[in-house]
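Per-entry structural report
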Amino acid sequence: MIIQSSYVEQADLEYAIECLEVCKQDNAVQYGFHHPYFTPGGHYGKQWWQLDSSLALRGYQWIDRNFTETALLNFIESQKEDGRICLWGADVLPSKVAGDNFPLQTEGVSSLPKLFDVAYHILKGSSNTALKTATYHMLKRYLDWWFLNRLDPETGLITAVFEETFVPYLAYAGEYAAVDTNVEVCVGCHYTGLLAAALGRSGDAEVLRARGERLKQSINQYLWNDEKGAYFPYLTKEKRLCDCLMASTFFPLRLRIAPADRQKRLLELLKDPSHFNWDTIPLTSVSKKDPAFTTTTGAYQGNASWSGNVWTLINEMVVRGLCDCGENELAAELALKTLRAFNRNCTEFINPFDGSGHGVLQYAWTASQYLELIIETLFGIAYRAEDRTITLSPRLTKALQNTCMSIKGLAVTSEILLDLTVDHGAVTYTVTGEPVKVRIEPVV
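Throughout what follows, the structure given in this document is the object of discussion. Just so it is clear, the structure is predicted and the values come from calculations on it, not from any experiment.

So, how was this worked out
Residues numbered from 1 in each chain as written. Predicted model: local features only at pLDDT ≥ 70, side-chain atom pairs only at ≥ 80, totals over all residues. Heavy atoms only, no water. Salt bridge = Lys/Arg side-chain N within 4 Å of Asp/Glu carboxyl O. Buried < 20%, exposed > 50% of the residue type's maximum accessible area, 1.4 Å probe, protein only. Axes fitted to C-alpha atoms, helices over the stretch in contact; angles between N-to-C directions. Helix = DSSP H or I, 4+ residues; strand = E, 2+ residues; numbered from the N terminus. Parallel < 35°, antiparallel > 145°, perpendicular 65-115°, else oblique. Left-handed = near helix turned anticlockwise from the far one by under 90°. Contact = heavy atoms within 4.5 Å. Nonpolar A, V, L, I, M, F, W, Y, C, P; charged D, E, K, R; others polar. Phe/Tyr/Trp six-rings, centres within 6.5 Å; stacked < 30°, edge-to-face > 60°. Lys NZ or Arg CZ within 6 Å of the ring centre and 35° of its normal.

**Some words on the pattern of salt bridges**
Pairing between side chains of opposite charge can happen when the charged atoms of each approach one another. Throughout the structure, instances matching the rule amount to 24 salt bridges. One salt bridge connects Glu-238 with Arg-240, and the closest N-O pair in it is separated by 2.7 Å. By relative accessible area, which is 40% here, Arg-240 ends up partly exposed. For Glu-441, the salt bridge goes to Arg-439, with nearest N and O atoms at 3.5 Å. A residue is classified by how much of its surface remains accessible, and Glu-441, at 31% relative accessible area, is partly exposed. Classification of Arg-439 as partly exposed rests on a relative accessible area of 39%.

**Details of the packing of helix H4 (residues 115-124) against helix H6 (residues 179-198)**
Axis separation between H4 and H6 bottoms out at 8 Å; the angle between their running directions is 25°. Overall, the two elements H4 and H6 adopt an arrangement that is roughly parallel. Seen along the crossing, H4 lies across H6 with a hand that is left-handed. Counted together, Phe-116, Asp-117, Tyr-120, His-121 and Leu-123 of H4 and Glu-184, Val-187, Gly-188, Tyr-191, Thr-192, Leu-194 and Leu-195 of H6 form the full contact between these two elements. A per-class count over the contact of H4 with H6 returns 7 nonpolar, 3 polar and 2 charged.

**Some details on the packing of aromatic side chains**
Under the counting rule described, the total for this entry stands at 24 aromatic pairs. On the basis of an interplanar angle of 35° and a centroid distance of 5.0 Å, the ring pair of Phe-33 and Trp-48 is categorised as tilted. Placement of Phe-33 in the loop between strand S2 (24-25) and strand S3 (37-38) and of Trp-48 in the loop between S3 and helix H2 (50-60) is noted, with a sequence separation of 15 residues between them. Each member of the pair, Phe-33 as well as Trp-48, is classed as buried. Arranged with centres 5.0 Å apart and planes meeting at 80°, the rings of Phe-38 and Tyr-60 form a pair that is edge-to-face. Taken together, the residues span a long stretch of sequence, with Phe-38 in strand S3 and Tyr-60 in helix H2 at a distance of 22 residues. A residue is classified by how much of its surface remains accessible, and Phe-38, at 0% relative accessible area, is buried. Connected via pairs of aromatic rings, a cluster forms that spans Tyr-44, Trp-49, Trp-88, Phe-166, Tyr-300, Trp-306, Trp-311, Phe-349, Tyr-363 and Trp-365. Directly above the aromatic system of Phe-67 lies the positively charged group of Lys-24, at a separation of 4.6 Å from the ring centroid. The lysine or arginine in question, Arg-65, covers the ring of Trp-62, its NZ or CZ lying 5.4 Å from the ring centre.

Structural data, given as structure tokens:
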């Protein structure tokens, strides 16, 4: 794959791919799995982690789609009888985490469920019906686990504990309904429902749609603070909102969960540089005005590292939300700022003031989301195997509308290669390999 652009050099692209290759674990059997997977990177070792091993696949599908499809089998095989997909491969919970204020955890935990989104977008480009069916069953059972084990019956919200939400909640399930977790489960209902419909399971699709709508209503009823114009976590036992303003407040932009009037207020907050650093290196994980705001350097330090540093996990989700709301120029702007911050700097997190990278220096999910933002957001490339259609819908900032950018030799599948050029808004392309349909949407 060769890129020419004003914001990413070829060496930047190759470095991100190198980071992912470094994190590959081919000797999976030694760690209890039958198929290769991605490790988080660095000192986290060779073990499989649900969140990291899923997110790493999202961008890597454009490098080796066959690998990403095979890697989904690890999630299917590791699923527990009750539907839970564990936090990490060994499924042994630590008695303490960074911060040293974590009571002994007794309940089985999962992870922030990005898997629904990742699996759907891999399967969207797959022609393997058996894999789609098996993954659908896995995702549906996983959703059931969330609603059976984390649902607060009074509010209809999903509660979360350590690593099922970020900033991690260091106590017990049933107490804390996080914005990020609830949005991800809502997204899970949406994408699992789309898979159900594609597989001809219309009854399941309707049940999943209704479940997602109910959760959407709960998010808007209980997590919104009208006075502050933002979404906050909810303490179910105390029946009140938390007061920590996190960047996850923007996550309800996804699927337009937030109504139009709230979207407007969220966008004003997003672009206010005094809160989330919009004009410099956004987005800080917690508002700079919040008492909890801090930054850490060096190794990951638990909650503190999620209380001010910049993460691709947060920025990518907000970019996706902006796209869902039709705010394509803003989405492109945030994507571009994120890429420039992480150019040849695919670290775990970065300092929002000087751009220095910290934590693991070659972090798998950072590299993966870096590739995703280039290919899927700015170049706007998508592929649907069901009708063999490539969609091209570039998203450009005003500055990019006056430049030429191209990507050549992109592996849409192992048999289909794409060359795409966007020159001052004009889209041209060449496709080699198996015949496909190409749909060009207006450059936005």
